[in-house]
Amino acid sequence: MKHTKVQKPLFLFLFLLLNVFVCYSQSTATNSNTTKELTGTFQLNDSVANKNLVFNYHIIIDGTGKVKTEITNVESTANFDQTFTLFSQNAEAYYAAFNNSFATLTSLKKVNIREASISVFAKVEARIEIKDDQPNTAHIKLLKANLPVTIEYKLDATNKDVNSTKSIIVSVEQVDIEFEDGTIKNLFLTVKVPDQKTKDKLEDGRIQFRNNFPIGISGKFSPERLRDNEMYAFDACRVEELLKADIANYSALTKDQNNPQPCIISNAKFNLAELIDFRPILESEKEDYSPANQVISLTPTSDDIIVKKEKRSKILEVRSYTDLIGTDGKSPNGLIQIEGRKKIFLLEDKTKFFSEYAYFGGLTYVEPVVRFSKIDNNNKNLIPDTIGSAANLISKKKKVLNLNTIDLYKYQLNSFTLNVNMLNFSFPQIKLNVLIDGKAGVYRTSITDSLSISANKLIKTPVASTNTVNVALYGVNLMFTFLPDSRYQFSFGYSWLGNKMLSDNYLQNKGQGISSYWIDGYFKTSESSKLFIRGSFNQQNSDTRLNFVQAQIGVTLDIFRANSKLDQ
């Protein structure tokens, strides 16, 4: 198989562009709360012994900015063990201390010491600058150990509209809260009923409550909107025993020939604002106070919990793909592909969709995506196989080449698109989300030909010329996503994509529409890494004979997260 050569300048450009998407730390980040460690080796030339001495270094960087460096010689006979500590993050100050630690070894070359100091300090500086922090975003605490619960029940078995209520006090045992994508996705509350007779009836005396729909928690006014949300008992009929003493005709109400185990209770509920307090932690240039995706637990004896934002390394998701079909060296699918994306959540509140087992929302997120589709050189440029009419060539004095829309899309080099969620339907009972997204953006395609116009004639030149055209992209996605487990998920869907070439030098053939049928999924290989698999069938709508297939496998590129230890 023919090997392809990857363009290094493009990789550098990619790295710089990805940094734009990340809230990159300032050059000195001494307020990090996490201790970082680096280990490695370096060599110094001994001019007397005429050999290289190998040294180990162990560096500890704490949250105050203190940099402690321990240097030891691998050769125990040298009896060399030095430690120095600096609060300065200046390269010259570090070199002075580094050089001074070798004062007793006069045979070492100064130039080697300086080179080693520069190399080691570069690693220190990189670890300080790229901090994988998690800023505090909010305090959350349990407000009450004893919670008022309202029971709604029917007074008349023949008239479901005639209701009454009763308030009882229950003891809070534990609250489990799941935060996901800027919402309280699930809240489960376990309470104990204080009445002894009811405890006997309920066996363990416990009742559980839940939210029916996700509750938005990211905005400035979200905490005060907690009062708009009611939590409901899993099985409200379990507390029916409490109503016997309050209803004179209780026995008559519960006797129903058509229902051997009737229940007169409609709901048992409480207001969420009575249970928890969510207080955002203020920070300049920040409007999103939602915590990272996580699960926390609160009890009456637990202290306030400070929830944090997602880690810096997870702000931007970067993936690297290779196309299995493109490995044959003949298909222009892109042997190496890299993309970066970030989902930004907007309106998190959801509304019931026909029943309590389904809900929907709109404008829930926007997602910018940067993609480098063809980093390798193989089959990189589109070569037109037809030309425009002679009249066009002569009148416009341009080589007007005909290009199929599907080829423009297939040969794209890089792109920027923005996905905007318009509708999001959730069916948690069957683990399914249905999403309708709008899409808009632009991509670039490189075109190579050896045609030119001379004296109103079309001629073939010995040297091919290459031009890059911009193509506007717009369309809509219909996506079905299954979420059976946090360790894996899969989706499939359909995309209609309009493509409008932004150039006068070329003619776009046979319409602008493309249909794409695709499947996508991932498997978590660790907490911070995923293995992606996706495939698609793409065809030009005006001529379905014009089509191509992609089959890709990819991995997460965790390029911003610093490891706990960095080996040289």
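Scroll up to find the structure this text is about.
> Quick rundown of the pattern of salt bridges? Include the residues and the values.
Evaluated as defined, the whole model comprises 20 salt bridges. Between K68 and E70 there is a salt bridge, and its shortest N-O distance comes to 3.6 Å. Here K68 falls in the partly exposed class, since its relative accessible area comes to 31%. R279 is paired through a salt bridge with D277; the nearest N and O atoms lie 2.9 Å apart. The class for R279 is partly exposed, based on a relative accessible area of 35%. The structure contains a network of salt bridges with shared partners spanning E317, R319, E339, R341, E367, R371, K530 and R534.

> Lay out the sheet that holds strand β13 (residues 276–280) in plain terms, naming residues and giving numbers.
Across the sheet, three strands lie side by side as β13-β5-β15; this open sheet has antiparallel pairing. Each edge of the sheet is formed by a strand with only one pairing partner; in this case those strands are β13 and β15 (305–308). For this sheet, the mean angle separating the axes of adjacent strands, direction not counted, is 25°. Here strand β5 (residues 136–142) pairs with β13 via five bridges, running antiparallel. Pairing of L142 across the sheet is with I276, part of β13.

> Please give an account of the sheet that holds strand β3 (residues 67–73) that cites residues and values.
The strand order across the open sheet built from four strands is β1-β2-β3-β4, with neighbouring strands paired in antiparallel fashion. Where the open sheet ends on each side, the last strands, each with one partner, are β1 (36–46) and β4 (81–86). Across the sheet, the axes of successive neighbouring strands diverge by a mean angle of 20°, strand direction being ignored. Examined bridge by bridge, β3 and β4 share six bridges and lie antiparallel to one another. Residue pairing for β4: E70 is matched across the bridge by T83. Its contacts with the sheet put helix α2 (residues 91–100) on β1, β2 (51–61), β3 and β4, and the angle it makes with β4 is roughly 155°.

> If you had to explain the nonpolar core to someone new, which residues and values would you point to?
When a protein is soluble and globular, its nonpolar side chains tend to lie buried together. Ranked by size, the top nonpolar core spans 39 residues in total, and within it I177, L187, L189, F209, L275 and I276 carry the most contacts. Here the element with the most residues in this core is strand β7 (residues 159–180); it accounts for six residues. The contact partners of F209, leaving out residues within four places of it in the chain, are V149, L187, F188, L189, V191, M231, Y232, A233, F234, A268, K269 and F270. Of all hydrophobic cores here, the second largest spans 23 residues; its members include L44, Y94, A116 and V120.

> Break down the environment of A273 for me, citing the residues and quoting the values.
With respect to the element layout, A273 can be found in the loop between β12 (265–271) and β13. Relative accessible area serves as the criterion here: at 17%, A273 is assigned to the buried category. Counting along the chain gives 44 residues from A273 to N229, while the straight-line C-alpha distance between them is 7.9 Å. Ignoring sequence-local partners within four residues, the contact set of A273 consists of L143, L226 and R227.

> Describe the side chain of N477, with residues and values.
Structurally, N477 can be placed in strand β26 (residues 457–485). Judged by its relative accessible area of 12%, N477 falls in the buried class. A distance of 2.7 Å separates polar atoms of two side chains, one belonging to N477 and the other to S495. With sequence-adjacent residues up to four places away left out, N477 is seen in contact with N419, L435, I436, D437, K439, Y494 and S495.

> Explain the pairing of strand β16 (residues 317–323) to me, and be specific about the residues and the numbers.
Strand residues, when the strand is regular, have side chains that alternate between the two faces of the sheet. Taken across its seven residues, β16 has five buried, putting it largely inside the fold. Bridge count for β16 against strand β17 (residues 337–341) is five bridges, and the pairing is antiparallel. Note on β17: the bridge partner recorded for E317 is R341. Both β16 and strand β31 (residues 543–556) contribute to a ladder of five bridges, which runs antiparallel. The residue of β31 that forms the bridge with S320 is V555.

> Hey, could you go over the packing of aromatic side chains for me, with residue numbers and the actual values?
Applying the stated criterion to the full structure yields 26 aromatic pairs. Taking 6.1 Å as the distance between ring centres and 75° as the angle between the ring planes, the aromatic pair formed by F353 and F427 counts as edge-to-face. Remark: F427 occurs in strand β24 (residues 412–427) and F353 occurs in strand β19 (residues 351–353); sequence separation between them is 74 residues. Residue classification places F427 among the partly exposed positions, given a relative accessible area of 23%. Considering the side-chain rings of F482 and F490, the 5.2 Å spacing of their centres and the 20° angle between planes classify their relative orientation as stacked. In this structure F482 comes out as partly exposed when scored by relative accessible area, which is 24%. For F490, a relative accessible area of 37% translates into the label partly exposed. Cluster of aromatic residues (ring-pair linked, three or more members): F42, F55, Y57, Y94, F98, F102 and F121. The lysine or arginine in question, R534, covers the ring of Y321, its NZ or CZ lying 3.8 Å from the ring centre.

Procedures and definitions
- Residues numbered from 1 in each chain as written.
- Predicted model: local features only at pLDDT ≥ 70, side-chain atom pairs only at ≥ 80, totals over all residues.
- Heavy atoms only, no water.
- Salt bridge = Lys/Arg side-chain N within 4 Å of Asp/Glu carboxyl O.
- Buried < 20%, exposed > 50% of the residue type's maximum accessible area, 1.4 Å probe, protein only.
- Pairing = 2+ DSSP bridges.
- Helix = DSSP H or I, 4+ residues; strand = E, 2+ residues; numbered from the N terminus.
- Axes fitted to C-alpha atoms, helices over the stretch in contact; angles between N-to-C directions.
- Contact = heavy atoms within 4.5 Å.
- Core = buried A, V, L, I, M, F, W, Y, C linked by side-chain atoms within 4.5 Å.
- Polar contact = N/O pair within 3.5 Å; in protein donor to acceptor, adjacent residues only side chain to side chain.
- Phe/Tyr/Trp six-rings, centres within 6.5 Å; stacked < 30°, edge-to-face > 60°.
- Lys NZ or Arg CZ within 6 Å of the ring centre and 35° of its normal.

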